[in-house]
Amino acid sequence: MEFINQNILLVSLVAVSGLSLLWPMVMRPSGNSVGPAEATQLINREDAVILDVRESTEYAAGHLPEAKNIPGSALAGRIGELGKFKDKPIIVCCASGMRSNKACGDLKKQGFEKLYNLSGGVDAWVGAGYPIKKGAKSK
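Residues numbered from 1 in each chain as written. Predicted model: local features only at pLDDT ≥ 70, side-chain atom pairs only at ≥ 80, totals over all residues. Heavy atoms only, no water.

### Side note on the overall build of the protein
Move 1: For the protein, the count of helices and strands is seven helices and five strands.
Move 2: Going from N to C terminus, the protein has its helices and strands arranged as α-α-β-α-β-α-β-α-β-α-β-α.
Move 3: The globule rule puts the C-alpha radius of gyration for 139 residues at 14 Å, and the 19 Å found for the protein is more than 25% above it.
Move 4: When its C-alpha atoms are laid out on the principal axes, the protein stretches across 65 × 35 × 30 Å.
Move 5: The burial tally for the protein puts 35% of its 139 residues in the buried class.
Move 6: Put simply, of all contacts in the protein between residues at least 6 apart along the chain, 68% involve residues at least 24 apart.
Move 7: Split by element, the accessible area of the protein, about 8400 Å² in all, is 59% carbon and sulfur.
Move 8: Counting 17 positive and 13 negative side-chain charges, the protein places the averaged centre of each group 6 Å from the other. (Helix = DSSP H or I, 4+ residues; strand = E, 2+ residues; numbered from the N terminus. Rg over C-alpha atoms; globule rule 2.2 N^0.38 Å. Buried < 20%, exposed > 50% of the residue type's maximum accessible area, 1.4 Å probe, protein only. Contact = heavy atoms within 4.5 Å. Areas by Shrake-Rupley, 256 points an atom, 1.4 Å probe, with all protein chains shown as cover. Lys, Arg positive; Asp, Glu negative; His and termini not counted. Charge placed at Lys NZ, Arg CZ, Asp CG, Glu CD.)

Below, the structure written as structure tokens:
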């Protein structure tokens, strides 16, 4: 106990480092994570559906081509709109991948199985040089 009292800064540093190492394990994605290239392959080869869970203003500012917009806050009430896609792969995206991760978990609870979280979200898509569309029309 005397060692801890005399080296509180060192002990704190070790505790914070340990928690930092465990954080990625705690925040593991609910669905399979895919990058922009893998998402493109799913879209082209398996006719994957793209679900954008950002708010409508974010969606209108720029979204993946052919993406369907259902904000995460409205997902529970609008889940019926996705029923016809239950057997298709669904790529869920948001700005950075956090909201889409939560949406993947919610969809999984509703019986959807072919779920993919776009790792890094729309930001990663744009960063990889892939096209986006602007406007509010949700397909």
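Here the narrative resumes, following the displayed structure.
### Considerations on the pairing of strand β2 (residues 49–52)
Move 1: Because side chains alternate across β2, one face comprises the buried residues V49 and L51, and the other comprises I50 and D52, equally buried.
Move 2: In terms of strand pairing, β2 meets strand β4 (residues 90–93) through four bridges, oriented parallel. Residue pairing for β4: L51 is matched across the bridge by V92.
Move 3: Where β2 meets strand β3 (residues 68–69), two bridges bridge the pair, whose relative direction is parallel. Paired with D52 across the two strands is N69, which belongs to β3. (Pairing = 2+ DSSP bridges.)

### Concerning the pattern of salt bridges
Move 1: Inspection of every chain in the model, using the stated rule, returns seven salt bridges.
Move 2: A salt bridge links R54 to D52, with the nearest nitrogen and oxygen atoms 2.8 Å apart.
Move 3: Between D106 and K102 there is a salt bridge whose closest N-O contact spans 3.1 Å. In this pair, D106 and K102 both sit in helix α6 (residues 98–109), four residues apart, roughly one turn of the helix.
Move 4: Overall, D106 belongs to the partly exposed group, its relative accessible area being 25%.
Move 5: The class for K102 is exposed, based on a relative accessible area of 54%. (Salt bridge = Lys/Arg side-chain N within 4 Å of Asp/Glu carboxyl O.)

### Some details on the side chain of S100
Move 1: Residue placement: S100 occurs in helix α6.
Move 2: S100 sits in the buried class, given a relative accessible area of 0%.
Move 3: Discounting chain neighbours no more than four positions away, the residues touching S100 are V53, V92, C93, C94, N117 and L118.

### What to know about the nonpolar core
A general tendency of soluble globular proteins is for nonpolar side chains to be buried together.
Move 1: Core analysis: the largest hydrophobic core is formed by 16 residues, its most contacted members being L51, L75, L82, I90, V92, L107 and F112.
Move 2: At the level of elements, β2, β4 and α6 are the ones that each hand at least two residues to this core.
Move 3: Per element, the largest residue contribution to this core is three residues, and it comes from α6.
Move 4: Every residue in contact with I90, bar those within four places of it in the chain, is listed here: V49, L51, F85, F112, K114, L115 and Y116.
Move 5: Ranked by size, the runner-up nonpolar core spans 14 residues in total, among them I50, L64, C93 and W125. (Core = buried A, V, L, I, M, F, W, Y, C linked by side-chain atoms within 4.5 Å.)

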